[in-house]
Amino acid sequence: MITIKQIEAFIATRPFRQFALETNGGNYVVVGDPDWIKMPPPGFDLIIVFGVDGLVHHLPADAIATAAVYGPEPGKR
């Protein structure tokens, strides 16, 4: 299981690279921009992602299995 701090590290990467969150159910949610993900305040665990699929995803932190960079490096498209 990935931690909130690890997800925050993906968000803080510069230049930003889109990344995918894999849920425990095997689904993927792609974060295409750092503004498209809202992290919870301390004491809460609900992450909100405005996915590249046009949907709003409400993900409890414990439902996210892993995260990985998604797509080519910036400028290599």
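Residues numbered from 1 in each chain as written. Predicted model: local features only at pLDDT ≥ 70, side-chain atom pairs only at ≥ 80, totals over all residues. Heavy atoms only, no water.

**Focus on the overall build of the protein chain**
Point 1. Per the secondary structure count, the protein chain includes one helix and six strands.
Point 2. Order of helices (α) and strands (β) in the protein chain, N terminus to C terminus: α-β-β-β-β-β-β.
Point 3. Over its C-alpha trace the protein chain gives a radius of gyration of 12 Å, about what one expects of a compact globule, namely 11 Å for 77 residues.
Point 4. Taking the principal axes of the C-alpha coordinates as reference, the protein chain spans close to 40 × 25 × 20 Å.
Point 5. Every one of the 77 residues in the protein chain was classed for burial, and the buried ones make up 27%.
Point 6. Surface exposure of the protein chain reaches about 4,900 Å², of which carbon and sulfur atoms provide 57%.
Point 7. Side-chain charges of the protein chain comprise 6 positive and 8 negative groups, with the mean position of each set lying 10 Å from the other. (Helix = DSSP H or I, 4+ residues; strand = E, 2+ residues; numbered from the N terminus. Rg over C-alpha atoms; globule rule 2.2 N^0.38 Å. Buried < 20%, exposed > 50% of the residue type's maximum accessible area, 1.4 Å probe, protein only. Areas by Shrake-Rupley, 256 points an atom, 1.4 Å probe, with all protein chains shown as cover. Lys, Arg positive; Asp, Glu negative; His and termini not counted. Charge placed at Lys NZ, Arg CZ, Asp CG, Glu CD.)

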